[in-house]
Amino acid sequence: QVRLVESGGGLVPAGGSLRLSCAAPRAITSVFAPLTISWYRQTPGQQREVVATIGSDRNTAYADVVKGRFTISRDNSRKVVRLEMSNLKPEDTAVYYCNTPVRAKDDVWGQGTQVTVSS
């Protein structure tokens, strides 16, 4: 489907904030806009888990552990989905990926972006 590129990770103290970006630099707007896109995260030795999802209609869903702290949004004109992360906790440390349902089912992933939250 559409190639997605994650960015914005880094090292932050507990309680800090980060904004992650998921961009589709080679897609045209008419292709990007209908996509449902999710943010996932994965820590060593664990499976990927979905943390936030946004549909083409901008409906959103969040994992319970991030609800109230993370906000997913999209700007279709810029072909970007963002994940605003606040009040970060050490257990949020992971590699964060964005993906569409189709690519996720096919087990096709990008490089992800590392988020590390220090105690």
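### Some details on the sheet that holds strand β3 (residues 18–23)
Point 1. Pairing within the open sheet is antiparallel, and its four strands lie in the order β1-β3-β8-β7. Whereas interior strands pair on both sides, the edge strands pair on one side only; in this sheet they are β1 (5–7) and β7 (70–75). Looking at each pair of strands side by side, their axes are set apart by 15° on average, direction ignored.
Point 2. As paired elements, β7 and strand β8 (residues 80–85) share six bridges and run antiparallel to each other. Note on β8: the bridge partner recorded for T71 is E84.

### Brief notes about the environment of V115
Point 1. With respect to the helices and strands, V115 occurs in strand β10 (residues 113–118).
Point 2. Judged by its relative accessible area of 0%, V115 falls in the buried class.
Point 3. For the pair V115 and L18, spaced 97 residues apart in sequence, the C-alpha separation works out to 8.5 Å.
Point 4. Discounting chain neighbours no more than four positions away, the residues touching V115 are G9, G10, L18, L20, M85, D92, T93, A94 and Y96.

### Here's the deal with the sheet that holds strand β6 (residues 60–62)
Point 1. In space, the six strands of this open sheet follow the order β2-β10-β9-β4-β5-β6, with mixed pairing throughout. Edge positions in the open sheet fall to β2 (10–13) and β6, since each of these has one partner strand only. Shown here is a sheet whose adjacent strand axes are inclined to one another by a mean of 25°, direction ignored.
Point 2. Taken together, the three bridges between strand β5 (residues 49–54) and β6 define a ladder with antiparallel strand orientation. By the bridge assignment, A52 is partnered in β6 with Y62.

### Here's the deal with the environment of T60
Point 1. Tracing the chain through its elements places T60 in strand β6.
Point 2. Considered as a pair, T60 and S73 are 13 residues apart in the sequence and their alpha carbons are 8.2 Å apart.

### Digging into the layout of surface pockets
Here the idea is plain: a probe the size of a water molecule rolls over the atoms and shows the empty space left.
Point 1. The space that makes up the largest pocket amounts to roughly 150 Å³.
Point 2. Lining the largest pocket, in full, are R3, L4, V5, E6, C98, N99, R103, V108, W109, G110, Q111 and G112.
Point 3. When residues of the lining of the largest pocket are traced back to their parent elements, those giving at least two are β1 and β9 (94–99).
Point 4. Grouping the amino acids of the lining of the largest pocket by side-chain chemistry returns five nonpolar, four polar and three charged.

The rules behind each value
Residues numbered from 1 in each chain as written. Predicted model: local features only at pLDDT ≥ 70, side-chain atom pairs only at ≥ 80, totals over all residues. Heavy atoms only, no water. Pairing = 2+ DSSP bridges. Helix = DSSP H or I, 4+ residues; strand = E, 2+ residues; numbered from the N terminus. Axes fitted to C-alpha atoms, helices over the stretch in contact; angles between N-to-C directions. Buried < 20%, exposed > 50% of the residue type's maximum accessible area, 1.4 Å probe, protein only. Contact = heavy atoms within 4.5 Å. 1 Å grid on protein atoms, 1.4 Å probe; cavity = no way out; pocket = protein on both sides within 12 Å on 5 of 7 lines; lining within 4 Å. Points joined across faces, edges and corners; volume = space filled by probe spheres on them. Nonpolar A, V, L, I, M, F, W, Y, C, P; charged D, E, K, R; others polar.

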